[in-house]
Amino acid sequence: MIPVSSSSVQFPAQKSHMNRSWQQLFSESVLSPEQLIERLQLPPESLSDLISGNRLFQLRVPEPYLNRIIPGDITDPLLLQVMPQIAETIATSGYVTDPLQEKSNNPVPGLIHKYKSRILLITSGACAVNCRYCFRRHFDYQDNALSKERIQQVQDYIQQDTHINEVILSGGDPLATSDLRLKQLLNSLEQVTHLKRVRIHTRFPVVIPQRITDDLIEILTASRLKVVWVFHINHPQEIDPLLTEATKKLIQAGMPVLNQSVLLKKVNDSANILAALSESLFDAGIQPYYLHAFDLVQGASHFNVTDEQAIRIWQALQKELPGFLLPRLVREIPGRSSKTILNTDI
Ligand SMILES: *Cc1c(COP(=O)(O)O)cnc(C)c1O
Ligand code: SF4
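To start, this report covers the structure provided alongside it. This structure is a prediction, so every number in the text was calculated from the model and none was measured.

Criteria and cut-off values
Residues numbered from 1 in each chain as written. Chains lettered and ligands numbered in written order. Predicted model: local features only at pLDDT ≥ 70, side-chain atom pairs only at ≥ 80, totals over all residues. Heavy atoms only, no water. Near = heavy atom within 4 Å. Polar contact = N/O pair within 3.5 Å; in protein donor to acceptor, adjacent residues only side chain to side chain. Areas by Shrake-Rupley, 256 points an atom, 1.4 Å probe, with all protein chains shown as cover. 1 Å grid on protein atoms, 1.4 Å probe; cavity = no way out; pocket = protein on both sides within 12 Å on 5 of 7 lines; lining within 4 Å. Sits in = over half its atoms within 2 Å of the grid points. Helix = DSSP H or I, 4+ residues; strand = E, 2+ residues; numbered from the N terminus. Points joined across faces, edges and corners; volume = space filled by probe spheres on them. Domains from an automatic or database assignment. Pairing = 2+ DSSP bridges. Contact = heavy atoms within 4.5 Å. Axes fitted to C-alpha atoms, helices over the stretch in contact; angles between N-to-C directions. Nonpolar A, V, L, I, M, F, W, Y, C, P; charged D, E, K, R; others polar.

Take the site of ligand 1 next. All residues adjacent to ligand 1 are Ile 112, Lys 114, Tyr 115, Arg 118, Leu 120, Ile 168, Arg 199, Tyr 289, Tyr 290, Glu 332 and Lys 339. The side chain of Arg 118 places a nitrogen or oxygen atom 2.5 Å from an oxygen atom of ligand 1. With respect to ligand 1, the side chain of Lys 339 contributes an N or O atom lying 3.1 Å from an oxygen atom. Within the complex, 93% of the 390 Å² of free accessible area of ligand 1 lies under protein. Structurally, ligand 1 is housed in the largest pocket. At the level of elements, β1 (111-115), β2 (118-124) and β7 (287-292) are the ones that each hand at least two residues to the shell around ligand 1.

If you want it as structure tokens, here you go:
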């Protein structure tokens, strides 16, 4: 357990994680329902529900994220994203384990090719945090781990298709990978002359901002490939000074930072919250990009917002924001050649 200091009242562990390495913070994550209840002073009677949900998908929350959750508040929008619930054990019809049909677009293990100009790489099986609504919560990462041999296969695959100009590092979380492995991957991708960009889809800088080290920035800016970041932030309470500081470093190093959110019941399913999110993102230097309609993944039906509700929320959001802070409301529909923008004109 992280030591609790007695000096500050509301966030007792406020300072304890400031000077720790990201590897330490990652390995010291809260991984059990018992620890979560103790650390956040949750009602003890919720333990059996947490244990049931946790059997299907392991709880994982590191200290810098715990630190932004209000202790004792069972409705906290950050807590709801990470806390196992009994609802996860209920099989709901229409909900599947691979909602995006990624298994059928997998020419090389770990490589998903659906859209003409870009491929997505499962760079790591691990994440900084386990989000209960994750559409890859059932993904078989064992089969897709990006070994050295596979990096070569990926390079060969991109080499033979000149339409591909961008590689998206996804996961799991690509930043759960060591700097060394990331460097090897970048070096390999750089060999492909028709590649222009590498995009990093990550929640690490949000959950453990200490992951953005000077060494990492140096590796990325040394590459001839242009690096673009896409963070995953769902609620304004997730944005804190450490994240803002990390983001500033990336921007100063010449890398644009975008954000995608997932529309989640009881977390951010209101125009007010989403407007505050866009404003806070902008203050932190982050450009809103996508608002994803919820994917029907088995075990997460308690987060579902219907498309009709999503469109209504988005229309209300449009009235609150300038166009450049309005995320595109999209859904990934298997078989299509791009994300689908939900019809917001009805
Ligand atoms: C979402 C996604 C992308 C990226 O789509 P953009 O619209 O370029 O952000 C690429 N490949 C796959 C398989 C995806 O799911
Ligand atoms: S960080 Fe992303 S990939 Fe990992 S559990 Fe959360 S939503 Fe899923």
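From this point, things continue past the structure.
On to the layout of surface pockets. Rolled over the atoms, a probe as big as a water molecule pinpoints where empty space is left. Of the pockets and cavities examined, the largest pocket occupies roughly 1000 Å³. If you trace the largest pocket, you find 49 residues lining it, with Phe 135, Arg 136, Ser 170, Gly 171 and Gln 260 closest to the centre. Secondary-structure elements contributing two or more residues to the lining of the largest pocket are β1, β2, β3 (166-171), β4 (197-202), β6 (257-262), β7 and β8 (328-331). Here the lining of the largest pocket spans two domains, since at least three of its residues come from each of domain 1 (20-89) and domain 2 (102-341).

Taken together, 9 strands build an open sheet; the order of strands is β1-β2-β3-β4-β5-β6-β7-β8-β9 and the sheet is mixed. The sheet is open, and its two edges are formed by β1 and β9 (340-341), each paired on a single side. Note that β6 and β7 share 5 bridges and pair parallel. Counted as the bridge partner of Ser 261 is Leu 291 from β7. Lying over the sheet, helix α7 (residues 179-190) contacts β2, β3 and β4, oriented at roughly 155° with respect to β3.

What follows covers the site of ligand 2. The immediate surroundings of ligand 2 are formed by Cys 127, Val 129, Asn 130, Cys 131, Cys 134, Gly 172, Arg 203 and His 232. Under a 2 Å grid-point criterion requiring more than half of the atoms, the pocket assigned to ligand 2 is the largest pocket. For the shell around ligand 2, the per-class residue count stands at 4 nonpolar, 3 polar and 1 charged.

Further remarks concern empty space enclosed by the protein. All chains considered together, the criterion is met by 2 cavities of 30 Å³ or more. Approximately 80 Å³ is the volume found for the largest cavity. Considering the residues around the largest cavity, the lining is formed by Asn 259, Ser 261, Leu 274, Leu 277, Ser 278, Leu 281, Pro 288, Tyr 289, Tyr 290, Leu 291, Leu 317 and Pro 327. Those elements giving two or more residues to the lining of the largest cavity turn out to be β6, α11 (271-283) and β7.

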